[in-house]
Amino acid sequence: MTAPFDLIVYGATGFTGQLICRYLQQHYHGQVRWAIAGRNADKLAQLHQQLQLGDEVSCISASADSPEQLQQLVAQTKAVIAVAGPYQRYGEPLLAACAHSGTHYLDLCGEPAWMRQMIDKYHAVAADSGAVIVHSCGFDSIPSDLGVYQLQQLALSRFGQTLPQVKGRVEAMQGGPSGGTVASFMVSQQAAQADAQIGQWMLDPFALTPGFHGSQQPDGSQPKYDDDLGRWASPFVMALINCKNVHRTNWLLGHPYGEQFQYDEMISTGAGEQGQQVAQALAKGDGLVGQGKPPKPGEGPTPEEQENGFFTLAFYGQHQGETLRVAVSGDKDPGYGCTSMMISEAALCLLQQQVAGGFWTPASAMAEPLIARLAEKQVLRFQ
């Protein structure tokens, strides 16, 4: 029987969920069969009215802790965008329902230990049902995952081989976190303190490649001067998840980057004494909420802040003295303005692909089609 919906947004009334719904309504009205879902029917009805979604967009209430309701939910759609977090608290029942039913699942997860637990627990189930599970379809980790892939494709065309080492550098960024991101970050820290295995996974760049552990990776935990690039660099908090996803892509694709591939991500702070001072100053903060009061769940950057945000992540590699560079940039707040667009387009792209069931990364599942789609829709620029 054909599912009545192409896509359901679960967690639609949350901060990021509302942005996704607004994007879908503005860009795909009448083109995609979709619905909004969450645990609170009244909030869903309010959002439906607020966004003027019309009769073609349904509201579906389902509790995150009711497997029966979630099973009924996922049976109605080809794919689910899951944005109700923290995922390690609320995410497993929905992911499990998708894995068992063969429904595709995409999220914005930046909680690597939970991702590893889900891979270990449900990969065989999803592979059997045909469900494609794709974590980290936002600012973490689409720009990093696709940027490294694009750079390696450039290296193949230029040199006939991939690069054994790539450096990811945040060269520009303006934007702020939502309360949901802060909550996920805090829950992950608490879980790592309570469970030694979770703590190990958080620090291990190969935590998402079960059974494989590559070479020693560059240390990005302290400010340092990068001789190759001639600039100072400071730790980047999102490297904890982005590097793991890049290594998982390499592993899933059969190590086209090489089994000894090295990758790190840091914030580029410039040359000379000023670059050093900025790098050291950034390293003193936590890189996520800075010195201000952290937002509460449901809160985040204002519409003006989202619109005025931007980012550029650049990826560098060298071969016989020649440096290659690929930059991935967006012209809205990275975590929310751009993230809501990225996961929306990733979900719609996935619906058009033939991918075997199981747990994938954005690049391993969709690489070229997703790069082309994000560029065409002016969500990201690849240069």
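Residues numbered from 1 in each chain as written. Predicted model: local features only at pLDDT ≥ 70, side-chain atom pairs only at ≥ 80, totals over all residues. Heavy atoms only, no water.

Some words on the state of the cysteines
Right, on to step 1. Taken as a whole, this structure holds zero disulfides when the rule is applied.
Right, on to step 2. Cysteine C59 shares no disulfide, and the gap to the nearest cysteine sulfur, in C21, comes to 9.3 Å.
Right, on to step 3. Here C98 is not cross-linked by a disulfide; its sulfur's nearest cysteine counterpart is in C137, at 13 Å. (Disulfide = S-S within 2.5 Å.)

Regarding helix α3 (residues 67-74)
Right, on to step 1. Within the sequence span of α3, burial applies to L70, L73 and V74. Relative to the axis of α3, the buried residues are bounded by an arc of 85° and lie together on one face. Exposed side of α3, more than 90 degrees from the buried face: E68 and Q72 are the residues found there.
Right, on to step 2. In this structure, the buried side of α3 is in contact with β1 (5-10), β2 (34-38), β3 (58-61), β4 (77-82) and α5 (92-101). (Buried < 20%, exposed > 50% of the residue type's maximum accessible area, 1.4 Å probe, protein only. Helix = DSSP H or I, 4+ residues; strand = E, 2+ residues; numbered from the N terminus. Arc of directions from axis to C-beta. Contact = heavy atoms within 4.5 Å.)

Examining the nonpolar core
Right, on to step 1. By size, the foremost hydrophobic cluster in this structure holds 105 residues, and its most contacted members are W34 and L94.
Right, on to step 2. The biggest single contributor to this core is helix α13 (residues 334-350), with nine residues.
Right, on to step 3. W34 has contacts with F5, L7, V9, C21, L24, Q25, L53, E56, V57 and S58, leaving out every residue within four places of it along the chain. (Core = buried A, V, L, I, M, F, W, Y, C linked by side-chain atoms within 4.5 Å.)

So, the pairing of β4
Right, on to step 1. For β4, the tally of buried residues reaches five of six residues, placing the bulk of the element in the interior.
Right, on to step 2. Across four bridges, the pairing between β4 and strand β5 (residues 104-107) is parallel. Note on β5: the bridge partner recorded for I81 is L106. (Pairing = 2+ DSSP bridges.)

Considering the packing of aromatic side chains
Right, on to step 1. Applying the stated criterion across every chain yields a total of eight aromatic pairs.
Right, on to step 2. The interplanar angle of 65° and the centroid separation of 5.0 Å between the aromatic rings of F139 and F311 together place this pair among those described as edge-to-face. Here F311 lies in strand β11 (residues 310-319) and F139 lies in the loop between β6 (132-134) and α7 (142-159), a separation of 172 residues in the sequence. An identical accessibility class is assigned to F139 and F311; each is buried.
Right, on to step 3. On the numbers, 5.8 Å between centres and 65° between planes, the contact of Y225 with W232 is edge-to-face.
Right, on to step 4. According to the relative accessible area criterion, Y225 is partly exposed, its value standing at 40%.
Right, on to step 5. By way of ring pairs, the aromatic residues Y257, F261 and Y263 are connected into one cluster. (Phe/Tyr/Trp six-rings, centres within 6.5 Å; stacked < 30°, edge-to-face > 60°.)

Let's talk about the packing of α3 against α5
Right, on to step 1. The interhelical angle for the contact between α3 and α5, taken along N-to-C directions, is 50°, at an axis separation of 9 Å. Accordingly, the angle class assigned to the pair α3 and α5 is oblique. As α3 packs across α5, the resulting crossing turns out to be right-handed. Residues L70, Q71, L73 and V74 of α3 form the contact with α5, whose own contacting residues are P93, L94, A97, C98 and S101.
Right, on to step 2. Of the residues that constitute the contact of α3 with α5, the class distribution is seven nonpolar, two polar and no charged. (Axes fitted to C-alpha atoms, helices over the stretch in contact; angles between N-to-C directions. Parallel < 35°, antiparallel > 145°, perpendicular 65-115°, else oblique. Left-handed = near helix turned anticlockwise from the far one by under 90°. Nonpolar A, V, L, I, M, F, W, Y, C, P; charged D, E, K, R; others polar.)

Re the side chain of S141
Right, on to step 1. Inspection of the secondary structure assignment puts S141 in the loop between β6 and α7.
Right, on to step 2. Classification of S141 by relative accessible area gives buried; the value is 0%.
Right, on to step 3. A polar contact of 2.8 Å, which involves the side chain of S141, links it to the side chain of N245.
Right, on to step 4. If we ignore the near neighbours within four places in the chain, the residues touching S141 are S136, I241, N242 and N245. (Polar contact = N/O pair within 3.5 Å; in protein donor to acceptor, adjacent residues only side chain to side chain.)

Details of the packing of helix α1 (residues 15-28) against α13
Right, on to step 1. Contact pair α1 / α13: the axes reach a minimum separation of 9 Å and the direction vectors enclose 60°. As far as their axial angle goes, α13 and α1 are oblique. Where α1 crosses over α13, the handedness of that crossing is right-handed. In this structure, α1 uses F15, T16, L19, I20, Y23, L24 and Y28 to contact α13, whose residues at the interface are Y336, S340, M341, I343, S344, E345 and L348.
Right, on to step 2. Taken together, the residues that form the contact of α1 with α13 break down as 10 nonpolar, three polar and one charged.

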